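# Topology and contacts: notes
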Amino acid sequence: MRKNASRISHGVFARRGNACVDGTVAAYLVDGTAPSAKVRCPGPGLPAPE
C-alpha cells in the first residue's frame, strides 16, 4: 500500500526541534559541510508508525 507523500518523513530532521540534528543536516544540505566525526545527537527517538 502506498502512503500519502505528504505524510512521509525522515522522522527527525526539521520536525522535532532537535538543534543538534537540524544544525548538522542543514550545514550539509546548505553548505556541503560534512561533520568531521561521527555525530550523536540526544533525542526522543523516531516517532511511532501511523
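Remember, predicted model here, so these are calculated numbers, not experimental data. (Residues numbered from 1 in each chain as written. Predicted model: local features only at pLDDT ≥ 70, side-chain atom pairs only at ≥ 80, totals over all residues. Heavy atoms only, no water.)

### A closer look at the state of the cysteines
For the coordinates displayed, the defined rule picks out 1 disulfide. For Cys-20, the disulfide goes to Cys-41, at an S-S distance of 2.0 Å. Its S-S torsion of approximately -65° makes the covalent link between Cys-20 and Cys-41 left-handed. A residue pair is termed long-range when its members are at least 10 positions apart, and Cys-20 in helix 1 (residues 19–31) and Cys-41 in the segment after helix 1 qualify at 21 residues. (Disulfide = S-S within 2.5 Å. Helix = DSSP H or I, 4+ residues; strand = E, 2+ residues; numbered from the N terminus.)

### Structural notes on the side chain of Asn-18
Looking at where Asn-18 falls in the secondary structure, it is placed in the segment before helix 1. A distance of 3.0 Å separates the side chain of Asn-18 from the backbone nitrogen of Cys-20, its partner in a polar contact. Here Val-21 takes part through its backbone nitrogen, which lies 3.2 Å from a polar atom of the side chain of Asn-18. (Polar contact = N/O pair within 3.5 Å; in protein donor to acceptor, adjacent residues only side chain to side chain.)

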